[in-house]
Amino acid sequence: MPSAEMTPASTHEPEPVRPGAAEPVRPTGEDEIARAGSELIGGPLGRRALLGTSWWTPVRVVALVAIGMFALGMVQKLPCYDSSWFFGASSQYTHACYSDIPHLYQGRGFADHLVPYFDKLPDDMSGGMGYLEYPVLTGVFMEVASWLTPHSGGIQHQEQWYWFVNAAMLMVCAVIIAVCVARTHRRRPWDALLVALAPAFVLTATVNWDLLAVALTAAGMLMWSRSRPVAFGVLLGLATAAKLYPVFLLGPLFVLCWRAGKWREFGQAVAGTAIAWFVVNAPVMLFAFQGWSKFYTFSQERGVDFGSFWLIWAQNSSNPPSTGFVNTAAMVLVVLCLLGIAALTFTAPRRPRFAQLAFLVVAAFILTNKVYSPQYVLWLVPLAVLARPKWRDFLIWQAGEIAYFLGIWMYLAYTTSGDAHKGLPTHGYHWAIVLHLAGTLYLCAVVVRDILMPERDVVRRSGDDDPSGGVLDGAQDVFVLGAAAHPPRHAAHIDVPQVDWGRPLPSSPESRSL
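By convention here, each chain's residues receive numbers from 1 onward along its written sequence. Owing to the predicted nature of the model, reporting of local features is limited to residues with pLDDT of at least 70; listing and counting of side-chain atom pairs is limited to 80 or more, with chain, interface and lining totals taken over all residues. Only hydrogens and water are removed before side-chain values are computed, so all heavy atoms of the structure are retained for them.

### Notes on the overall build of the protein chain
A run of DSSP states H or I qualifies as a helix once it reaches four residues; a run of E qualifies as a strand once it reaches two. Both are numbered from the N-terminal end. Each helix and strand counted, the protein chain has 25 helices and two strands in total. Across the 514 residues in the protein chain, those meeting the buried criterion constitute 55%. By sequence separation, contacts in the protein chain at least 24 residues apart represent 73% of the contacts at least 6 residues apart. The rule is simple: take the accessible area with a 1.4 Å probe, protein chains only, and divide by the maximum for that residue type; under 20% is buried, over 50% is exposed, in between is partly exposed. Residue contacts are counted whenever heavy atoms from the two residues lie within 4.5 Å of one another.

Next up, the structure:
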């Protein structure tokens, strides 16, 4: 019997009847990798299994798995926790357990009770940084963790506690991410196991503070899937106050709402985002502008750095590109990518799903950016799961990210081990970058293929239209371009079930195509 949670998210207009929409999707029934992996716990779920009658609901299982995997990630940092963060420059790299968190406890003034953004950092402490180079909400997160850190004992003891407190707070963020992904696609809660079990997620969760922004973004997407655009906007604004990348999600939402004519909801989302961001930033902006602006000036002035194809170019050229050139070129490239995604949105045979475009936009920013820190993979993991919940493709991408995770630490070990040169030389590190880029491009290509050939999209093949789309889910188009006005039959109709969503209404006077 369908539960109340499975009722349509949108009440603005009637939704089409979806065959089998009340039945939860069993990943072992549609994914050969999931089916094979399930043998470790007794085999695939049977058709007559009594779902929802036990305490072990999918969301609870996903949350517990996320906690367990996060704990394993903490154990992986144990060699650094014991000594490598404090003794020997290269040891933390050879053990692949580096984290910014303990180093910045003293390096950004938390050990000395300096107030982020308001108190200038001594040059010998911060390496000339001057002020905390993180957005305001991340700075608040770091400051709260310092309040909870015992300020007794030696500095090593305090830094260990600071990392542990941050890890506990970040574990809460990790659980929120997994639960939000499980609940965003109502009929596909088990897809969130991909988030909980993602190797790169586990390895990079405590490298930095990115999980805060990822958790707020995941919660925002859950609110949008429930047709609550104001709540989505507020959460997205908070996420943008913690990291810059979440604001890019307004781009795909703009073109999707344009195609579906959902301008009111888009306006509410933008207003919520702007107001929430301003409320968080305004006090610091008004009373400590120089400290507040450090994140933005540092991002602009930062040169070509780890993980980008720009670094490969710079390290293999006798005339490396200047920072100004790279800033301009990267901006041009990402704008071209965004224009391409917009064109894809308007010309696709069926309106793309929100999660698909969100993944493509963030991936475009990552691929063209002048730096790729290993924890940036956290931005993409929940979006990748919602965009392409296919174990094979997800694991192929993860393999490239693991190669990069190991590659950057081995490269840093090589550059910090002196004449011993223990680790990965420069050309080996370049291959690690290539693997990361290739894996991300592969997943982008598969998502684009699903958009152009929606019968290949595993979410739509199971009977849904756009479960993360909220008011866009099942909505009719009002604006399309080119071939989207007359899509081929295989793209407009999926064989099982045969449901025709996202097509212009032929008799509607507001429908128009070019």
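### A look at the environment of Tyr 98
Here Tyr 98 lies in the loop between α5 (91-94) and α6 (100-107). With 110 residues separating them in the primary sequence, Tyr 98 and Asn 208 have C-alpha atoms 9.7 Å apart. If we ignore the near neighbours within four places in the chain, the residues touching Tyr 98 are Lys 77, Cys 80, Trp 85, Gln 92, Tyr 93, His 103, Val 207 and Trp 409. Of the polar contacts made by the side chain of Tyr 98, one reaches the side chain of Asp 100; its length is 2.5 Å. Polar contacts, as used here, are pairs of N or O atoms within 3.5 Å; protein pairs need one atom able to donate a hydrogen and one able to accept it. Residues neighboring in sequence count only if both atoms are side-chain atoms.

### Brief notes about the side chain of Asp 393
Topologically, Asp 393 is positioned in helix α22 (residues 391-416). Residue Asp 393 is classed as buried on the basis of its relative accessible area, which comes to 0%. Residues in contact with Asp 393, not counting those within four places in the same chain, are Arg 388, Tyr 442, Leu 443 and Val 446.

### Thoughts on the layout of surface pockets
The computed volume of the second largest pocket comes to approximately 1300 Å³. Grid points spaced at 1 Å and placed over the protein atoms alone form the basis of the search, with a cavity being a set where a 1.4 Å probe fits but cannot get out and a pocket an open set showing protein on both sides within 12 Å along at least five of seven lines. Lining residues have an atom within 4 Å of a point. Around the second largest pocket sit 42 residues that line it, and Phe 298, Arg 302, Val 371, Ser 373 and Tyr 376 are the ones nearest its centre. Contributions of two or more residues to the lining of the second largest pocket are made by α6, α17 (294-301), α19 (323-347), α20 (354-368) and α22. Grid points are joined across faces, edges and corners, and a volume is the space filled by probe spheres set on the points.

### Some points on the packing of aromatic side chains
Any Phe, Tyr or Trp ring, taking Trp's six-membered ring, that has another such ring centre within 6.5 Å forms a pair; planes under 30 degrees apart are called stacked, those over 60 apart edge-to-face, and the others tilted. According to the stated counting rule, one finds 42 aromatic pairs in the structure shown. A centroid spacing of 5.7 Å and a plane angle of 55 degrees characterise the contact between Tyr 81 and Trp 163, whose relative ring orientation is tilted. With Tyr 81 in helix α4 (residues 78-84) and Trp 163 in helix α9 (residues 155-184), this residue pair connects regions lying 82 residues apart in the sequence. When its relative accessible area of 22% is taken as the criterion, Tyr 81 is described as partly exposed. With a centroid separation of 4.9 Å and 80 degrees between ring planes, the pair formed by Trp 258 and Phe 346 is classed as edge-to-face. Remark: Phe 346 occurs in helix α19 and Trp 258 occurs in helix α14 (residues 250-260); sequence separation between them is 88 residues. Accessibility expressed as a relative area gives 30% for Trp 258, which makes it partly exposed.

### A look at the pattern of salt bridges
For this analysis, a salt bridge means a side-chain nitrogen from Lys or Arg found within 4 Å of a carboxyl oxygen belonging to Asp or Glu. The final tally for this structure, using the stated rule, is 14 salt bridges. Between Asp 210 and Lys 243 there is a salt bridge, and its shortest N-O distance comes to 3.5 Å. Pair noted here: Asp 210 is in helix α12 (residues 210-225) and Lys 243 is in the loop between α13 (229-242) and α14, with a separation of 33 residues, a long-range link. Classification of Asp 210 by relative accessible area gives buried; the value is 1%.

### Overview of the confidence of the model for the protein chain
Confidence scores labelled pLDDT are given residue by residue by the predictor and lie between 0 and 100. Per-residue confidence for the protein chain gives a mean pLDDT of 87, with 84% of residues at or over 70. Every residue in residues 1-21 scores below 50 in pLDDT, and together they form 35 contacts with partners more than four places removed in sequence or on other chains. Note that pLDDT drops below 50 for residues 494-514; the model gives that stretch 56 contacts with residues more than four away or on any other chain.

### Section: the packing of α20 against helix α23 (residues 426-452)
Helix-helix packing is characterised by the crossing angle of the two axes and by the distance between the axes. Helix axes are fitted only over the stretch in contact, all axes being lines through C-alpha atoms; the angle between N-to-C directions runs from 0 to 180 degrees. Here α20 crosses α23 at 150 degrees, and the two axes come no closer than 10 Å. The angle between the axes of α20 and α23 places the two elements in the roughly antiparallel class. Classified by chirality, the crossing of α23 by α20 is left-handed. Residue-level contacts link Gln 356, Leu 357, Phe 359, Leu 360, Ala 363, Ile 366 and Leu 367 of α20 to His 436, Leu 437, Thr 440, Leu 441, Leu 443, Cys 444, Val 447, Val 448, Asp 450 and Ile 451 of α23. Counted by class, the contact of α20 with α23 contains 13 nonpolar, three polar and one charged residues. Working definition: roughly parallel below 35 degrees, roughly antiparallel above 145 degrees, roughly perpendicular at 65 to 115 degrees, and oblique for all remaining angles. Crossing handedness: left-handed means the near helix sits turned counterclockwise from the far one by under a right angle, and right-handed means the same turn made clockwise. Polar here means any residue other than Ala, Val, Leu, Ile, Met, Phe, Trp, Tyr, Cys and Pro, which are nonpolar, and Asp, Glu, Lys and Arg, which are charged; Gly is therefore polar.

### Thoughts on the state of the cysteines
Criterion for a disulfide: a pair of cysteine sulfur atoms at a distance within 2.5 Å. Within this structure, the stated rule accounts for one disulfide. Shown here is the disulfide that connects Cys 80 with Cys 97, its sulfur atoms set 1.9 Å apart. Around the S-S axis, the bridge from Cys 80 to Cys 97 shows a dihedral of about 75 degrees and counts as right-handed. Taken together, the residues Cys 80 in helix α4 and Cys 97 in the loop between α5 and α6 connect sequence positions 17 residues apart.

### Regarding a nonpolar patch on the surface
Every patch collects residues that have over 30% relative accessible area and no salt bridge, joining them within 9 Å if they carry like charges and within 5 Å if they are nonpolar side chains (Val, Leu, Ile, Met, Phe, Trp, Tyr). Surface exposure here means Shrake-Rupley accessible area, sampled with a 1.4 Å probe, where a residue is shielded only by the protein chains that are shown. Among the surface-exposed residues, Met 331, Val 332, Leu 333, Val 335, Leu 336 and Leu 339 lie close enough to one another that they form a single nonpolar patch of about 540 Å² accessible area. By the secondary structure assignment, Leu 336 is in helix α19. Leu 336 gets classed as exposed once you look at its relative accessible area, which sits at 51%.

### Considering the packing of helix α3 (residues 58-76) against α9
Running from N to C, α3 and α9 cross one another at 150 degrees; their axes reach a closest spacing of 9 Å. Put simply, α3 runs roughly antiparallel to α9. With respect to the hand of their crossing, α3 and α9 are arranged in right-handed fashion. On α9, the residues touching Val 59, Val 62, Ala 63, Ala 66, Ile 67, Phe 70, Ala 71 and Met 74 of α3 are Trp 163, Phe 164, Ala 167, Leu 170, Met 171, Ala 174, Val 175, Ala 178, Val 179, Ala 182 and Arg 183. Classifying every residue of the contact of α3 with α9 gives 18 nonpolar, no polar and one charged.

### A closer look at the nonpolar core
One recurring pattern in soluble globular proteins: nonpolar side chains tend to sit buried together. Among the buried residues, those of types Ala, Val, Leu, Ile, Met, Phe, Trp, Tyr and Cys that are joined through side-chain atoms within 4.5 Å form a nonpolar core. With 137 residues, the main nonpolar core has Leu 211 and Phe 359 as its most contacted residues. Once residues within four sequence positions are removed from consideration, Leu 211 is found in contact with Phe 70, Leu 170, Cys 173, Ala 174, Ile 177, Phe 201, Ala 205 and Leu 378.

### So, the environment of Trp 292
Structurally, the position occupied by Trp 292 is in helix α16 (residues 289-292). Residue classification places Trp 292 among the buried residues on the basis of a relative accessible area of 12%. Separated by 159 residues in the primary sequence, Trp 292 and Glu 133 have C-alpha atoms spaced 8.4 Å apart.

### Points about the environment of Leu 170
Looking at the secondary structure, you find Leu 170 in helix α9. Non-local contacts of Leu 170, meaning those with residues more than four positions away in its chain, are made with Phe 70, Ile 101, Phe 141, Ala 205, Thr 206, Asn 208, Trp 209, Leu 211 and Leu 212.

### Quick notes on unusual backbone geometry
Positive phi is not limited to glycine here, since His 113 has a value of about 65 degrees. By secondary structure assignment, the location of His 113 is in the loop between α6 and α7 (123-126). Relative accessible area serves as the criterion here: at 57%, His 113 is assigned to the exposed category. Phi is positive for Ser 227, which is not a glycine, with a value near 60 degrees. Mapping Ser 227 onto the fold places it in the loop between α12 and α13.

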